[in-house]
Amino acid sequence: MALLRKINQVLLFLLIVTLCGILYKKVHKGTVLRNETDEDSEPPEEMEEEIPVVICAAAGRMGATMAAINSIYSNTDANILFYVVGLRNTLSRIRKWIEHSKLREINFKVVEFNPIVLKGKIRPDSSRPELLQPLNFVRFYLPLLIHRHEKVIYLDDDVIVQGDIQELYDTTLALGHAAAFSGDCDLPSAQDMNRFVGLQNTYMGYLDYRKKTIKDLGISPSTCSFNPGVIVANMTEWKHQRITKQLEKWMQKNVEENLYSSSLGGGVATSPMLIVFHGKYSAINPLWHIRHLGWNPDTRYSEHFLQEAKLLHWNGRHKPWDFASVHNDLWESWFVPDPAGIFKLNHHSS
């Protein structure tokens, strides 16, 4: 009897051990499956991350904005949220152009920029008055326009994007840097650039080194400049460093002391940024900002080089929609006709 009781105890012990083993496997397997499910669910969330792109839409050149948006949207699978910035009297026209054209599928917000913030901060004298337009300074005020994004792309309206904008958005910003730009000495086709007579690529072309305030900055006039027509910005750093306030300070100083060179092809908005971001910006891949296409209508890039470019910028006086310019065909292929029939192309040979 005692032996039978002993056998039953052993069998009960073995049964308990077996049940514990089965239960452990089930729990462990369930945990692994749950983790795998969690891991599998993360990429779609990451893919759905919004990429905010800020671009201005000025009354007389709204067709440029729509062409840029079309090129961005057509060359990516990323989830883009376009912030289209305009003055109050253009907002309804911006919305109608988008909603009554092939762009109706894009995700966008129309944002009003109030030029009152610029009062007393802009000198009226400039060799290029179009650069004094209020929307040219939108890039200074990104945190006031964009509230819920950590990282933002800003683009001038006279660009066409040929690559996937996700690549530009993935630009790495170094610790403590509020923005990334493309340096003017980092252009990938230096041999081509040598043909652009009078082109400025150093601080000397933007700042008046005869002025004490500029000399006291201690910045060498031969320092390579950068172009703020394409910006990848970190909003947290921008606000932490009070970048907007710094830029406004240098705008006001220019009103008082006329600090910026008037001989260059447009540095009204560039010059304050060169000062504020000196030595404190990250680099954008040069292929993501191939510029100066609007500089000289007689100077062209090679077709092969243009095919490699991710973003083309017609900065300069010669715009592909309005003046004789180069490589018009690359721009016109993205043009979205104005549903209201107001904006029309002035065709020239390219």
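Scroll up to find the structure.
Residues numbered from 1 in each chain as written. Predicted model: local features only at pLDDT ≥ 70, side-chain atom pairs only at ≥ 80, totals over all residues. Heavy atoms only, no water.

(A) Highlighting the overall build of the protein. The helix and strand inventory of the protein stands at twelve helices and nine strands. The buried share of the protein, taken over its 350 residues, is 47%. Look at the contacts in the protein between residues 6 or more apart in sequence, and 75% of them connect residues 24 or more apart. When the accessible surface of the protein is split by element, carbon and sulfur atoms take 54% of a total near 17800 Å². (Helix = DSSP H or I, 4+ residues; strand = E, 2+ residues; numbered from the N terminus. Buried < 20%, exposed > 50% of the residue type's maximum accessible area, 1.4 Å probe, protein only. Contact = heavy atoms within 4.5 Å. Areas by Shrake-Rupley, 256 points an atom, 1.4 Å probe, with all protein chains shown as cover.)

(B) The arrangement of the nonpolar core in detail. Ranked by internal contacts, the top residues of the largest apolar core, which has 54 residues, are Leu155 and Ile165. It is helix α2 (residues 62-74) that contributes the most residues to this core, seven residues altogether. The contact partners of leucine 155, leaving out residues within four places of it in the chain, are Val53, Val54, Ile55, Cys56, Ile72, Val161, Ile165, Leu168, Gly229, Val230 and Leu311. (Core = buried A, V, L, I, M, F, W, Y, C linked by side-chain atoms within 4.5 Å.)

(C) Quick look at the packing of α2 against helix α3 (residues 91-99). Contact geometry of α2 with α3 gives a least axis separation of 11 Å together with a crossing angle of 40 degrees. In terms of axis orientation, α2 runs oblique to α3. Here the hand of the crossing between α2 and α3 comes out right-handed. Contacts between α2 and α3 involve Met62, Gly63 and Met66 from the former and Arg93, Ile94, Trp97 and Ile98 from the latter. Of the residues in the contact of α2 with α3, the class split is five nonpolar, one polar and one charged. (Axes fitted to C-alpha atoms, helices over the stretch in contact; angles between N-to-C directions. Parallel < 35°, antiparallel > 145°, perpendicular 65-115°, else oblique. Left-handed = near helix turned anticlockwise from the far one by under 90°. Nonpolar A, V, L, I, M, F, W, Y, C, P; charged D, E, K, R; others polar.)

(D) Highlighting the packing of aromatic side chains. All told, the structure shown has twelve aromatic pairs when counted by the stated rule. Ring plane angle 75 degrees and centroid distance 5.5 Å describe the contact between phenylalanine 181 and tyrosine 281, whose orientation is recorded as edge-to-face. Separated by 100 residues along the polypeptide, phenylalanine 181 in strand β6 (residues 179-183) and tyrosine 281 in the loop between α10 (270-276) and β8 (282-283) bring together distant segments of the chain. Assessed through its relative accessible area of 23%, tyrosine 281 is described here as partly exposed. (Phe/Tyr/Trp six-rings, centres within 6.5 Å; stacked < 30°, edge-to-face > 60°.)

(E) Structural context of helix α9 (residues 243-257). A rise of 1.5 Å per residue sets the reference length of α9, with its 15 residues, at 21 Å; its end C-alpha atoms lie 21 Å apart and thus fit the reference within 8%. The elements touched by buried residues of α9 are α4 (142-145), α7 (212-215), α8 (235-240) and α10. Note on α9: the residue one or two positions beyond its end, asparagine 258, has a positive phi of about 55 degrees. (Expected span 1.5 Å × (residues − 1).)

(F) View of unusual backbone geometry. Within the chain, arginine 242 stands out as a residue other than glycine whose phi angle is a positive 50 degrees. On the secondary structure map, arginine 242 appears in the loop between α8 and α9. The backbone of histidine 327 shows a phi angle near 60 degrees, a positive value even though the residue is not glycine. With respect to the helices and strands, histidine 327 occurs in the loop between β9 (311-313) and α12 (328-332). Classification of histidine 327 by relative accessible area gives buried; the value is 1%.

(G) Broad picture of the pattern of salt bridges. With the rule as written, the count across this model stands at 16 salt bridges. The salt bridge partner of lysine 310 is glutamate 167, with a shortest N-O separation of 3.7 Å. Here glutamate 167 lies in helix α5 (residues 165-169) and lysine 310 lies in the loop between α11 (303-308) and β9, a separation of 143 residues in the sequence. Judged by relative accessible area, which is 25%, lysine 310 ranks as partly exposed. Look at glutamate 167 and you get partly exposed, because its relative accessible area is 40%. A salt bridge links aspartate 184 to arginine 291, with the shortest nitrogen-to-oxygen separation between them at 2.7 Å. You can see aspartate 184 sitting in the loop between β6 and α6 (190-193) and its partner arginine 291 sitting in the loop between β8 and α11, a full 107 residues away along the chain. We classify aspartate 184 as buried; its relative accessible area is 7%. Judged by its relative accessible area of 0%, arginine 291 falls in the buried class. (Salt bridge = Lys/Arg side-chain N within 4 Å of Asp/Glu carboxyl O.)

(H) Up close: the side chain of lysine 121. Within the secondary structure layout, lysine 121 lies in the loop between β3 (107-112) and α4. The residues contacting lysine 121, other than those within four sequence positions of it, are Tyr141, Glu248, Met251, Gln252 and Val255.

(I) Up close: the pairing of strand β1 (residues 50-56). Burial runs high along β1: six of the seven residues are buried. By the bridge criterion, seven bridges tie β1 to strand β2 (residues 79-86) in an arrangement that is parallel. Bridge pairing in β2 links proline 52 to leucine 81. Following the backbone out of β1, through α2 and into the adjacent parallel β2, one traces a crossover that is right-handed. Where β1 meets strand β4 (residues 151-155), three bridges bridge the pair, whose relative direction is parallel. Residue pairing across strands places isoleucine 55 opposite leucine 155, the latter belonging to β4. (Pairing = 2+ DSSP bridges. Right-handed = clockwise from strand over helix to strand, strands pointing away.)

(J) Region of the structure containing the environment of alanine 78. Structurally, alanine 78 can be placed in the loop between α2 and β2. In the structure, alanine 78 is positioned 88 residues away from glutamine 166 in sequence and 6.4 Å away in space, judged by C-alpha atoms. When residues no more than four places from it in sequence are discounted, the contact partners of alanine 78 are Ile51 and Gln166.

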